[in-house]
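Structure assessment
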Amino acid sequence: MLKRAQHSLILLLATFAATALFAGCSLGAATTAAPTPTATTEPTATPLLNTTYTSTNGVYTLIYSSKWTVKPISAPLTSGTAQLTDSTSTDLFIVEPFVVKSTATYPSLLKAWISKAPFTSSTVDTTVTTKTLPNGSWTVASGKTVISSVPFTAHLYGMLHDGHTFIVMTFAPTATQGNDQTTYFDPMLSSLTFLK
């Protein structure tokens, strides 16, 4: 079922234009002899978000994990749209800079996107929240949907930038959404920097 959901999510990307990393830790057996102190050098950890993407229109950059893939998308009424997906194609981060100022509410925009196949049983909260980041204040709409029997959580972040509607949408399986939000989505959204 999850494979079908992954495939459907990839199809969604084309139509609409994470795995969390676990660090293992091995503990050695206790010894009775006192250890001899030795100097050690700790390995340098590779940052989880370590690759920069610049939009095709030069309007924004963001930092993402090199384990994710980025694909620029041509979508109506947008310029510089990109989809970022994790290695399992279940987590999705879409950036959509519109070339117009939308008069629709953010919950209605999210509802319009998740009301079509392959989505089923979609619901969107009518209330919104605000998320303030270094790049500005975002209005957040939230919803739930199902793809191939797998529950997903969706968020739409919207703001006006240069007089145009700028949207970021995130999708993750509901079972892992909280961890994916903290590990990937929030840092990626915080890293988004407007160049123009």
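Remember, it's a predicted structure, so these values are computed and weren't measured experimentally.

**Topic: the sheet that holds strand β11 (residues 193–194)**
- One open sheet holds the three strands; their spatial order is β1-β2-β11, and the pairing between them is antiparallel. Of all the strands in the sheet, the pair left with one neighbour each is β1 (51–54) and β11.
- Where β1 meets strand β2 (residues 60–64), four bridges bridge the pair, whose relative direction is antiparallel. Each bridged residue has a counterpart across the sheet, and for Y53 the counterpart in β2 is L62.
- Seen against the sheet, helix α3 (residues 177–191) touches β2 and β11 and runs at an angle of roughly 150° to β2.

**Quick notes on the pattern of salt bridges**
- Summed over the entire model, instances satisfying the criterion amount to one salt bridge.
- Across the pair K131 and D186 runs a salt bridge, and its minimum N-O distance is 3.4 Å. Here K131, found in strand β7 (residues 129–133), pairs with D186, found in helix α3; they are 55 residues apart in sequence, far enough to count as distant.

**Focus: the packing of aromatic side chains**
- Across all of its chains, the model carries eight aromatic pairs by this definition.
- For the ring pair Y60 and F166, a centre distance of 5.7 Å and an interplane angle of 90° mean the geometry is edge-to-face. Residue Y60 is located in strand β2, and its partner F166 is located in strand β10 (residues 164–173); the two are separated by 106 residues in the primary sequence.
- Its relative accessible area of 2% is what places F166 among the buried residues.
- Of the aromatic side chains, those joined through ring pairs into one cluster are Y53, Y60, W138, F166 and F194.

About the cut-offs
- Residues numbered from 1 in each chain as written.
- Predicted model: local features only at pLDDT ≥ 70, side-chain atom pairs only at ≥ 80, totals over all residues.
- Heavy atoms only, no water.
- Pairing = 2+ DSSP bridges.
- Helix = DSSP H or I, 4+ residues; strand = E, 2+ residues; numbered from the N terminus.
- Contact = heavy atoms within 4.5 Å.
- Axes fitted to C-alpha atoms, helices over the stretch in contact; angles between N-to-C directions.
- Salt bridge = Lys/Arg side-chain N within 4 Å of Asp/Glu carboxyl O.
- Phe/Tyr/Trp six-rings, centres within 6.5 Å; stacked < 30°, edge-to-face > 60°.
- Buried < 20%, exposed > 50% of the residue type's maximum accessible area, 1.4 Å probe, protein only.

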